[in-house]
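Observations on the model geometry
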Amino acid sequence: MSEPLPGGGRVYLVGAGPGDPGLLTARALELIATADVILYDRLIPPEALEGARADAELLFVGKEGGGESVPQEQTEALMMRRARDGRTVLRLKGGDPFVFGRGGEEALTLRAAGIPFEIVPGITAGVAAAAYAGIPVTHRGLATGVALITGHTRADAPDGEEGDLDWQALAAFPGTLVFYMGVRQLERIAAALIDAGRAPSEPVAIVERGTLADQRTVAGTLATIAARAVQADIRAPSITVVGPVAELAGELEWQPPRPLRGRTVAVTRARAQASGLARELRALGASVVQAPVIRTRPLAESAPLDLSGYDLVCLTSPNGVHALFERLAHAAEPPRDARALAGARVAAIGPGTARALAEHGIAADVVPERFVAESLVQALAELPVRRALVARAREARDVLPDALRARGAEVDVLELYETIAEPLPPRVLGQARAADYVTFTSSSTVRFFLRAAGGAAELSPQTRIVSIGPVTSETLREHGLTPHIEAQRHDIDGVVQAVLDDVAERRA
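Predicted, not measured: the structure shown is a model, and the values here were computed from it.

1. Examining the packing of helix H10 (residues 271-283) against helix H18 (residues 492-507)
Running from N to C, H10 and H18 point in directions that differ by 30°, and their axes come no closer than 10 Å. Between H10 and H18, the interaxial angle falls into the category roughly parallel. In terms of crossing hand, the pair formed by H10 and H18 is right-handed. Contacts between H10 and H18 involve Leu-277, Glu-280 and Leu-281 from the former and Ile-492, Asp-493, Val-495 and Val-496 from the latter. Split by residue class, the contact of H10 with H18 holds five nonpolar, no polar and two charged.

See the structure below:
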């Protein structure tokens, strides 16, 4: 056992599973939430990183398929340096760290350096992706064993040879063969198995992006699978299942058809608010690019918060609701909860804000159907107002307070938070620009996306711009972007429905 490092530095080698964030283990989620530093690979579910601390250092050390990667030695050096600095380091790997994840090498390096570590297994893709495609890797009467095999060959293997793989033994194996990372070697793998004695008619299935919303399965035989994979343009990450169990995919397919399958949607809203939209889109089959260009920051309290004396309190966003109750929780005098709003009517700008109020025990008295300040002004038209409080963001429009003042009301504006830029890595920006749809849920997401893009969106020709409502659409036009789609309901459900309707219309 390694001796504890000064400051409690430690490394956790953690498997994040095959891609579906629901397959993360409870221990993995616990460590993600507490780590000081997270070194993550390409196949890590974006939702996994959403659970990280706001001040955690997130470092990408993966490899894009067929492209450049962060050298293994550099990753290990970074991992050890952060641990020696007394930090808790999480090395987050797709699948299981000890199944083709080089976790064993990293553990040996840590042991040699005297750095304490812990191994947290994950669900490996060879079993999970097959299961999501309806393929049991073992099945009574068909396969009593399973072999997990790397499809990569050693870089130093002589031309025409397959490195360490014993093809005679693999061909004679009485069970299922599951190849990882073998898409580009598929023709050679199939030919080697046939040459070693496996029947050309042996069933084969390739599962691309297993457990993810856009998972695909291509079936064939050892004689035909390479050509079918090329025809279907199968790409990494994929696993290849060889054996009679591959034929069960059609019979045991259990995932329902998803209307957004094959579509990529970029979500630009703040990370803390993006999960609901991303979750709905993924459930409908979309691949989601998390590209948060903004985040909210609470504003320092300038004066004690006193809600007494107001006959109307207006909340203009879910962020404002949560910030208000956070401010109440830290107030010097009670009450510090929903009772502080007793005696006042409460107005919410839309259903999302109303839901946020309900989470804190408040049923909004006024909720307009359209999620814009002008609609809230109309909804309040017949309501007598003597003194009102508008709780909002610093940069919000003055439509609501101006309208109330025009009616003779005394209006106080309580600025609770501000929206600031969130740095967007070039890799993520590129993915967002290439998406089928890019969603904008506020004017600030438009402005900060353009700032992250260097002033020019440079979206791909097929990318369609989705706006949550007329105010955001106007901001898009002011910046030279024409929204292709505007949600009829100006909330997240409306954005999802707008994308669904557009996909259905374009398919027709």
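Moving on, there is more to tell.
2. Focus on unusual backbone geometry
With an omega of 0°, the peptide bond running from Ala-236 to Pro-237 counts as cis. Positioned with a positive phi, Arg-102 is a non-glycine residue whose angle comes to about 60°. Tracing the backbone shows Arg-102 in the loop between strand E4 (88-93) and helix H4 (103-113). One non-glycine residue, Thr-211, lies in the positive phi region at around 75°.

3. Side note on the sheet that holds strand E12 (residues 287-290)
With parallel pairing, the five strands of this open sheet are ordered in space as E12-E11-E18-E19-E20. Each edge of the open sheet carries a strand with a single partner, namely E12 and strand E20 (485-486). Here strand E19 (residues 464-467) pairs with E20 via two bridges, running parallel. In the sheet register, Val-466 faces E20, and the bridge partner there is Ile-485. Strand contacts of H18: strand E18 (437-440), E19 and E20, with the helix running at about 155° to E18, the strand carrying the most contacts.

Rules of the game
- Residues numbered from 1 in each chain as written.
- Predicted model: local features only at pLDDT ≥ 70, side-chain atom pairs only at ≥ 80, totals over all residues.
- Heavy atoms only, no water.
- Axes fitted to C-alpha atoms, helices over the stretch in contact; angles between N-to-C directions.
- Helix = DSSP H or I, 4+ residues; strand = E, 2+ residues; numbered from the N terminus.
- Parallel < 35°, antiparallel > 145°, perpendicular 65-115°, else oblique.
- Left-handed = near helix turned anticlockwise from the far one by under 90°.
- Contact = heavy atoms within 4.5 Å.
- Nonpolar A, V, L, I, M, F, W, Y, C, P; charged D, E, K, R; others polar.
- Pairing = 2+ DSSP bridges.

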